[in-house]
Amino acid sequence: GAGVSQSPRYKVAKRGQDVALRCDPISGHVSLFWYQQALGQGPEFLTYFQNEAQLDKSGLPSDRFFAERPEGSVSTLKIQRTQQEDSAVYLCASSQTSVRSPGELFFGEGSRLTVL
Amino acid sequence: GDSVTQMEGPVTLSEEAFLTINCTYTATGYPSLFWYVQYPGEGLQLLLKATKADDKGSNKGFEATYRKETTSFHLEKGSVQVSDSAVYFCALSDRNTGNQFYFGTGTSLTVIP
């Protein structure tokens, strides 16, 4: 597709379940970001990849959160033993440029996670 | 650390009214500044950007000028339309922090006919 694609769009999980959220960036985009957006808030940075390398994971809120991009394209954000405070929209964004040059971020529509 | 503070909403305006959404920033280096917009049911998309002081970004009738002396990047539009109803996010990207993007909390705009 032409844009960033995320799946699933909606996910309801019981507390304690593991979830996996997928992001398909725009083809050829070097940089990939994950953000967490709580209701009524702006996106909060979680982690950043340049190709397959995870260069910054300082925003991951706990060791229950794990992200990977093994082949430098598709990325998966995994949340283990979900808690209610994990309920949020998880946004993926990609950019054509590398860490040395700020470029436009292209966002997916997000995956809305609700933990019961 | 780097951060962005923007005017809280919600903002409700009549069609053809003048719009200003304030945004100020804190950054350790020389950031690039952005306004993103999120229309109902859609993902965030870039509205405009400015990469250095005194640059003016513009798109779809919206403008914002990068003011280093006041660390501001206020969004303006002279005559809003119903189709401008959306949530607007100010953001910065700072090379000193690995070009990580920092977003404001968003300002919801509703334009009524």
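It should be noted that the structure appears before, not after, this text.
Residues numbered from 1 in each chain as written. Chains lettered and ligands numbered in written order. Predicted model: local features only at pLDDT ≥ 70, side-chain atom pairs only at ≥ 80, totals over all residues. Heavy atoms only, no water.

**A word on the overall build of chain A**
Part 1 of the argument: Of the regular secondary structure elements, chain A holds zero helices and 11 strands.
Part 2 of the argument: Secondary structure elements of chain A, listed N to C terminal, follow the sequence β-β-β-β-β-β-β-β-β-β-β.
Part 3 of the argument: Taking 13 Å as the expected radius of gyration for a compact globule of 116 residues, we find that chain A reaches 13 Å, a close match to that expectation.
Part 4 of the argument: Long-range contacts, defined as pairs at least 24 residues apart, comprise 53% of the intrachain contacts of chain A with a sequence gap of at least 6.
Part 5 of the argument: Within chain A, the 12 negative side-chain charges are centred at a point lying 6 Å from the centre of the 12 positive side-chain charges. (Helix = DSSP H or I, 4+ residues; strand = E, 2+ residues; numbered from the N terminus. Rg over C-alpha atoms; globule rule 2.2 N^0.38 Å. Contact = heavy atoms within 4.5 Å. Lys, Arg positive; Asp, Glu negative; His and termini not counted. Charge placed at Lys NZ, Arg CZ, Asp CG, Glu CD.)

**With respect to the overall build of chain B**
Part 1 of the argument: Of regular secondary structure, chain B possesses zero helices and 12 strands.
Part 2 of the argument: Shown N-terminal to C-terminal, the secondary structure of chain B runs as helices and strands in the order β-β-β-β-β-β-β-β-β-β-β-β.
Part 3 of the argument: Computed over the C-alpha atoms, the radius of gyration of chain B is 14 Å, within 12% of the 13 Å expected from 2.2 N^0.38 for a compact globule of 113 residues.
Part 4 of the argument: By its C-alpha atoms, chain B is 45 × 25 × 20 Å across when sized along the principal axes.

**A look at the layout of surface pockets**
Part 1 of the argument: One number sums up the size of the largest pocket: a volume of about 610 Å³.
Part 2 of the argument: Lining the largest pocket are 32 residues, with Gln37, Leu39, Val89 and Arg112 of chain A together with Gln38 of chain B positioned closest to its centre.
Part 3 of the argument: Listing elements by their share of the lining of the largest pocket, those giving two or more residues are strand E9 (88–95) and strand E11 (111–115) of chain A together with strand E10 (86–94) and strand E12 (107–112) of chain B.
Part 4 of the argument: Tallied by class, residues from the lining of the largest pocket come to 13 nonpolar, 14 polar and five charged. (1 Å grid on protein atoms, 1.4 Å probe; cavity = no way out; pocket = protein on both sides within 12 Å on 5 of 7 lines; lining within 4 Å. Points joined across faces, edges and corners; volume = space filled by probe spheres on them. Nonpolar A, V, L, I, M, F, W, Y, C, P; charged D, E, K, R; others polar.)

**Observations concerning the nonpolar core**
The nonpolar side chains of a soluble globular protein tend to be buried, and buried together.
Part 1 of the argument: One finds Trp35, Leu47, Leu48, Phe73, Leu75 and Tyr88 of chain B to be the most contacted residues of the largest nonpolar core, which totals 27 residues.
Part 2 of the argument: Among the elements of the structure, strand E2 (11–14), strand E3 (19–21), strand E4 (23–26), strand E5 (32–38), strand E6 (45–50), strand E8 (62–65), E10 and E12 of chain B are those that each provide at least two residues to this core.
Part 3 of the argument: Looking at this core element by element, the count peaks at four residues for E10 of chain B.
Part 4 of the argument: Among the nonpolar cores identified, the runner-up in size contains 20 residues, and Leu46, Phe49, Phe65 and Ala67 of chain A belong to it. (Core = buried A, V, L, I, M, F, W, Y, C linked by side-chain atoms within 4.5 Å. Buried < 20%, exposed > 50% of the residue type's maximum accessible area, 1.4 Å probe, protein only.)

**Some points on the sheet that holds strand E7 (residues 56–59) of chain B**
Note on sheets: strands pair through backbone hydrogen bonds, and any given pair is parallel or antiparallel.
All names here are of chain B.
Part 1 of the argument: Pairing is antiparallel across the open sheet formed by four strands, whose spatial order is E3-E9-E8-E7. Pairing within the sheet leaves two strands with one partner each, and these edge strands are E3 and E7. With strand direction ignored, the average angle separating the axes of adjacent strands in the sheet is 15°.
Part 2 of the argument: As paired elements, E7 and E8 share four bridges and run antiparallel to each other. In the sheet register, serine 58 faces E8, and the bridge partner there is glutamate 63. (Pairing = 2+ DSSP bridges. Axes fitted to C-alpha atoms, helices over the stretch in contact; angles between N-to-C directions.)

**Topic: the environment of valine 74 of chain A**
Part 1 of the argument: Residue placement: valine 74 of chain A occurs in the loop between strand E7 (65–68) and strand E8 (75–79).
Part 2 of the argument: Separated by 34 residues in the primary sequence, valine 74 of chain A and glycine 108 of chain A place their C-alpha atoms 13 Å from one another.

**Quick notes on the interface of chain A and chain B**
Part 1 of the argument: Taken together, the 22 residues of chain A in the interface contact 18 residues of chain B.
Part 2 of the argument: With both sides pooled, the region where chain A packs onto chain B buries about 1,600 Å², and carbon together with sulfur makes up 55% of that total.
Part 3 of the argument: Viewed at the interface, chain B and chain A are joined by zero salt bridges.
Part 4 of the argument: Summed over the shared surface of chain A and chain B, the number is two residue pairs in polar contact (both at pLDDT 80 or more).
Part 5 of the argument: In terms of residues, the side of chain A that touches chain B owes the most to one element, strand E4 (residues 31–37) of chain A, which gives three residues. (Buried area = accessible area lost by both parts, 1.4 Å probe. Salt bridge = Lys/Arg side-chain N within 4 Å of Asp/Glu carboxyl O. Polar contact = N/O pair within 3.5 Å; in protein donor to acceptor, adjacent residues only side chain to side chain.)

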